[in-house]
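Spelled out, the chains give:
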Amino acid sequence: MKALVNKKSAIVVFSGGQDSTTCLFWAKKRYEEVIAVSFDYGQRHAFELECAKDICKKYEVEHHILNLDLLNQLAPNSLTRVDIAVDKTHETDTPPNSFVDGRNLLFLTFVAILAKQRNINHIITGVSQSDFSGYPDCRDVFIKSLNVTLNLSMDYEFVMHTPLMWIDKMETWQLADELEVLDIIKNETLTCYNGIIGDGCGDCPACHLRRNGYNAYMAIRK
Ligand code: ZN
């Protein structure tokens, strides 16, 4: 007999950045129990994990950090290797060099294993096709495909949620505002490739994207 879908609990793939923190609060509004999972894969800035830890502690979210060093062994890139510079600009039809092949595939698979162990069906990830940037595993078709594969692989009813899939950075700020966490997202999350919390260095591609979205939202905010 199939297990009943647990509607009360959810697991969020959590990096401590703007997108996944917005998803964390999205989940907290909807589920009684929210668990956050972060991955340690030798990120350029271990501070990212510290930031994720701080947010979970402050907002009382159970937090797991899973070691995924393997990812760095398989796919050394600018986010994990200090000797490879992050692209300042990149061609829009090819992934930037911050791309790690298979990252979301691996993250979501490990999260699903943990979810099943905890009798949790709902998995939330902050991937967005609007910010696609050439990342194939941020696409809706990939998430839907993986959902089917995970369900078949574990004979279990996972339900994957992607609150940011069809919205851009401006609308992500708007969502944070609707969730009444705009200031938390602005001041306590880390998106910057140079490891500077909040508004960041202001100069890297992640800071540009984040700030442009914020300014666009401020311009239309009532
Ligand atoms: Zn930056």
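Scroll up to find the structure this text is about.
Just so it is clear, the model here is predicted, and its values are computed rather than measured.

Calculation criteria
- Residues numbered from 1 in each chain as written.
- Predicted model: local features only at pLDDT ≥ 70, side-chain atom pairs only at ≥ 80, totals over all residues.
- Heavy atoms only, no water.
- Helix = DSSP H or I, 4+ residues; strand = E, 2+ residues; numbered from the N terminus.
- Buried < 20%, exposed > 50% of the residue type's maximum accessible area, 1.4 Å probe, protein only.
- Contact = heavy atoms within 4.5 Å.
- Areas by Shrake-Rupley, 256 points an atom, 1.4 Å probe, with all protein chains shown as cover.
- Donors = N, O, S within 2.8 Å, 3.2 Å for Na, K, Ca; no water.
- Tetrahedral: all angles 85-135°; square planar, octahedral: opposite > 155°, others 65-115°.
- Right-handed = clockwise from strand over helix to strand, strands pointing away.
- Pairing = 2+ DSSP bridges.
- Salt bridge = Lys/Arg side-chain N within 4 Å of Asp/Glu carboxyl O.
- Phe/Tyr/Trp six-rings, centres within 6.5 Å; stacked < 30°, edge-to-face > 60°.

Comments concerning the overall build of the protein
No. 1: Scanning the protein from terminus to terminus reveals eight helices and five strands.
No. 2: Order of helices (α) and strands (β) in the protein, N terminus to C terminus: β-α-β-α-β-α-α-β-α-β-α-α-α.
No. 3: Out of the 222 residues belonging to the protein, those deemed buried represent 49%.
No. 4: Within the protein, counting contacts between residues at least 6 apart in sequence, those at least 24 apart form 71% of the total.
No. 5: Surface summary for the protein: the accessible area is close to 11,200 Å², and the carbon and sulfur share equals 53%.

Examining the coordination of the zinc ion
Six octahedrally arranged donors around a metal ideally form angles of 90 or 180 degrees; four tetrahedrally arranged donors ideally form angles of 109.5 degrees.
No. 1: Protein-derived ligands of the zinc ion are Cys-192 (SG), Cys-201 (SG), Cys-204 (SG) and Cys-207 (SG), with the metal-ligand distances lying across 2.3 to 2.4 Å.
No. 2: Every donor counted, the four donor atoms about the zinc ion form angles of 104 to 116° at the centre, which fits tetrahedral coordination.
No. 3: Read N to C, the donor residues that coordinate the zinc ion are spaced as C-x8-C-x2-C-x2-C. Judged on exposure class, the residue Cys-204 and its partner Cys-207 are both buried.

Brief notes about the pairing of strand β2 (residues 33-40)
No. 1: The buried fraction of β2 is high, at six of eight residues.
No. 2: Handedness of the strand β1 (residues 9-13)-helix α1 (residues 18-30)-β2 crossover: right-handed.
No. 3: In this structure, β2 lies alongside strand β3 (residues 62-67), joined through six bridges in parallel fashion. In the sheet register, Val-37 faces β3, and the bridge partner there is His-64.

Description of the pattern of salt bridges
No. 1: Counting across every chain of the model gives nine salt bridges.
No. 2: When the shortest N-O distance is used, the salt bridge between Arg-118 and Glu-33 registers 3.4 Å. Placement of Arg-118 in the loop between α4 (103-117) and β4 (122-124) and of Glu-33 in strand β2 is noted, with a sequence separation of 85 residues between them.
No. 3: Look at Arg-118 and you get partly exposed, because its relative accessible area is 33%.
No. 4: With a relative accessible area of 30%, Glu-33 lands in the partly exposed category.
No. 5: Lys-144 is the partner of Asp-140 in a salt bridge, and the nearest nitrogen-oxygen pair spans 2.4 Å. Taken together, the positions of Asp-140 and Lys-144, both in helix α5 (residues 140-154) and four residues apart, correspond to about one turn of that helix.
No. 6: Judged by its relative accessible area of 13%, Asp-140 falls in the buried class.

What to know about the packing of aromatic side chains
For any pair of aromatic rings, the description rests on two quantities: the centre-to-centre distance and the angle between the ring planes.
No. 1: Within the structure shown, the criterion is met by five aromatic pairs.
No. 2: Judged by centre distance (4.9 Å) and plane angle (80°), the rings of Trp-173 and Tyr-214 are edge-to-face. Here the residue Trp-173 occupies a position in helix α6 (residues 169-178), and Tyr-214 occupies one in helix α8 (residues 205-220), the gap between them amounting to 41 residues. Considered together, Trp-173 and Tyr-214 belong to a single accessibility category, that of buried residues.
No. 3: An aromatic cluster of three or more residues is present, and its members are Phe-39, Tyr-41 and Phe-107.

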